[in-house]
Amino acid sequence: GAGVSQSPRYKVAKRGQDVALRCDPISGHVSLFWYQQALGQGPEFLTYFQNEAQLDKSGLPSDRFFAERPEGSVSTLKIQRTQQEDSAVYLCASSLAGLAGGKETQYFGPGTRLLVL
Amino acid sequence: SQKIEQNSEALNIQEGKTATLTCNYTNYSPAYLQWYRQDPGRGPVFLLLIRENEKEKRKERLKVTFDTTLKQSLFHITASQPADSATYLCALEAAGNKLTFGGGTRVLVKP
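Position numbers for residues start from 1 in each chain and track the written sequence from start to end. Labels follow written order: the first chain is A, the first ligand is 1, and so on. With the structure being a predicted model, the display of local features is reserved for residues of pLDDT at least 70 and the display and counting of side-chain atom pairs for 80 or more, all residues being used for whole-chain, interface and lining totals. Side-chain measures here rest on the full set of heavy atoms in the structure, leaving out hydrogens and waters.

Visitor: Give a detailed account of the overall build of chain A, specifying residues and quantitative values.
Guide: Helices and strands together make up the secondary structure of chain A, namely zero helices and eleven strands. Working definition: helices are DSSP H or I runs of at least four residues, strands are E runs of at least two. Numbering for both runs from the N terminus. Helices and strands appear in chain A in the N-to-C order β-β-β-β-β-β-β-β-β-β-β. The C-alpha extent of chain A, read off along each of the three principal axes, is 40 × 25 × 25 Å. Between two residues, a contact is recorded if the distance between any of their heavy atoms is within 4.5 Å. The contacts in chain A between residues at least 6 apart in sequence include a share of 53% that link residues at least 24 apart. As displayed, chain A has an accessible area near 5700 Å², and 49% of this comes from carbon and sulfur atoms. Computed by Shrake-Rupley with a 1.4 Å probe, the accessible areas treat only the displayed protein chains as cover when residues are assessed.

Visitor: Let's hear about the state of the cysteines: which residues, and what values?
Guide: Count a disulfide wherever a pair of cysteine sulfur atoms falls within 2.5 Å. What the rule picks out here adds up to two disulfides over all chains. Shown here is the disulfide that connects Cys23(A) with Cys92(A), its sulfur atoms set 1.8 Å apart. Here the disulfide of Cys23(A) and Cys92(A) is left-handed, its torsion about the S-S bond being about -65°. Remark: Cys92(A) occurs in strand S9 (residues 88–95) and Cys23(A) occurs in strand S3 (residues 19–24); sequence separation between them is 69 residues. Here Cys23(A) matches Cys92(A) in class, with each residue buried. The partner cysteine of Cys23(B) in its disulfide is Cys90(B), sulfur to sulfur 2.0 Å. Between Cys23(B) and Cys90(B) the sulfur-sulfur dihedral comes to about 65°; the bridge is accordingly right-handed. You can see Cys23(B) sitting in strand S3 (residues 19–26) and its partner Cys90(B) sitting in strand S9 (residues 86–93), a full 67 residues away along the chain. The pair Cys23(B) / Cys90(B) is uniform in exposure class, with both members buried. A simple rule labels every residue: compare its accessible area, found with a 1.4 Å probe on the protein chains alone, to the largest value its type can have, and call it buried under 20%, exposed over 50%, or partly exposed in between.

Visitor: Pulling in residues and values, what's your account of the interface of chain B and chain A?
Guide: Opposite the 19 residues of chain B that make contact, chain A presents 26 residues. Here a polar contact means two N or O atoms within 3.5 Å. Within protein one must be a hydrogen donor candidate and the other an acceptor candidate, and residues neighboring in sequence count only if both atoms are side-chain atoms. Across the chain B-chain A interface, the total number found is three residue pairs in polar contact (both at pLDDT 80 or more). Mapped by element, the contributors of at least two residues to the side of chain B that touches chain A are strand S4 (32–38), strand S5 (45–51), S9 and strand S10 (99–101) of chain B.

Structure follows, in structure tokens:
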């Protein structure tokens, strides 16, 4: 596709429910990133894939958060036993070559807005 | 600890004037700094990247400066238009491939 797509765009979950958020990166992009954005804040890094390898998951807030990218394209961010503090926008971004250190443009999807009641 | 600070107060500006946004950082030594634009309900969109050895970079009506001594970047929108109204985010490289973002500054250009 022309850009990064994410689904669903909106998700309402009851506390304790599991959710799965999907990201389709730009075709051929090596790197894929997940970010969490609270209202009025900048995006905060969660995890990073280079192809299918998860190279950095240091930003995942707890072991309830899990991400995968099994075939090096589509990625899923799963949140188990959701809590109210998980309510945020979850952004996915991809970049072409996976160069280190912020040299590369990241292309962001529209985000999934998660509300946990 | 590492910090990136952007003015959290919205910047209200008259159409045609120059908007200047500030990004200050501490305890980083980034080789690159990026600026993104974010509209409500959308993901950030890349605008400009500036390297540590570049003092200034321009793209159309946008100008970015990068002062590694002051640990500051300035982002200017000249001849501002209502369509420039958005939140502007600065981002720095952190360890590995991470980008660390500031909190963003909202700009409102009034006709």
